[in-house]
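Notes for the structure review
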Amino acid sequence: MSSFAPPSPTAKTPVDGRHHVESMLMRESLLDKRVMSATETPVVPMLPFCRVLKVGGHSIVDRGKSATYPLVDAIVAALANFKLVIATGGGIRSRHVTSIGMDLGLPTGVLAQLRIIDALGNAHLLGTLLPPHRTDAGSFLLAECYGCANHTLIKDVDGLYEADPKTDPKAAFIKDITVTELKARKLPTLPFDRVLIDLLACARQVKQFQIINGLKPHLLVPALRGEHVGTIVRKDAAD
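Residues numbered from 1 in each chain as written. Predicted model: local features only at pLDDT ≥ 70, side-chain atom pairs only at ≥ 80, totals over all residues. Heavy atoms only, no water.

Let us now look at the pairing of strand 2 (residues 83-88). Where strand 1 (residues 50-55) lies against strand 2, six bridges are found, and the strand directions are parallel. In the sheet register, lysine 54 faces strand 2, and the bridge partner there is alanine 87. (Pairing = 2+ DSSP bridges. Helix = DSSP H or I, 4+ residues; strand = E, 2+ residues; numbered from the N terminus.)

Here we come to the nonpolar core. Core analysis: the biggest nonpolar cluster contains 22 residues, and Phe140, Leu160, Leu182, Phe192, Leu196 and Phe209 have the highest contact counts within it. In terms of residue count, helix 7 (residues 195-202) provides more of this core than any other element does, five residues in total. Counting residues in hydrophobic clusters, the runner-up holds seven residues, among them Val55, Val72, Leu126 and Leu130. (Core = buried A, V, L, I, M, F, W, Y, C linked by side-chain atoms within 4.5 Å. Buried < 20%, exposed > 50% of the residue type's maximum accessible area, 1.4 Å probe, protein only.)

Strands sit in the order 3-7-8-6 across an open sheet of four strands; the sheet is mixed. Looking at which strands have only one partner, the edges of the open sheet turn out to be strand 3 (152-155) and strand 6 (176-178). Averaged over neighbouring strand pairs, the angle between their axes works out to 20 degrees when direction is ignored. Here four bridges tie strand 3 to strand 7 (residues 208-213), and the two strands are oriented parallel to one another. Along strand 7, the bridge assignment pairs lysine 155 with asparagine 213. Where helix 7 meets the sheet, it contacts strand 3, strand 7 and strand 8 (231-234), and its direction lies at approximately 145 degrees from that of strand 7. (Axes fitted to C-alpha atoms, helices over the stretch in contact; angles between N-to-C directions. Contact = heavy atoms within 4.5 Å.)

Below, the structure is given as structure tokens:
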């Protein structure tokens, strides 16, 4: 049963001009047990396809690489078949912060916020270890979501190469390439998150992104103007 109903055609508009939505919740306390029981059904699962993982901050993350890395590898493998929501705790740092905060007489609300910061720190650590969605992908999704003018990745190389130019000075420079061409080349290393290739292929608003060398800051403004001063990776024309 819906909680809301359309206004009655005979309803009168109050003198102050306000319009009321006819509802079973009108003039009722949200703590009223009758109202609560009448609105608690039906219960609809919002994410029935997701599994939730909680990674122990103290029991796993605090143990360092020996415990965290194998778990991260297992999670990466699981992501191929499952949609996951991953949470983590603050670990031993949260206990230290709480102890110090209590000694200083900090209020409960401040202590809670400090503990949240520690948990977020561990969440960022896990997020960094779980490829492929990192900051390159995040900035691309921002540009795509808001339909921004262009998307520029500032790195310490001139753009995309057939091999890592830091280890192979003779690596050929790639000035312009499409998603399909880039996938076909199967380059061993990329100066950006590999998932950007798939994101660009599915994008509706961002048609390309450009990689420029941040050690040459004079290239920034031309790149923002849309000039070709690095490597441009383009969405296929047919997409």
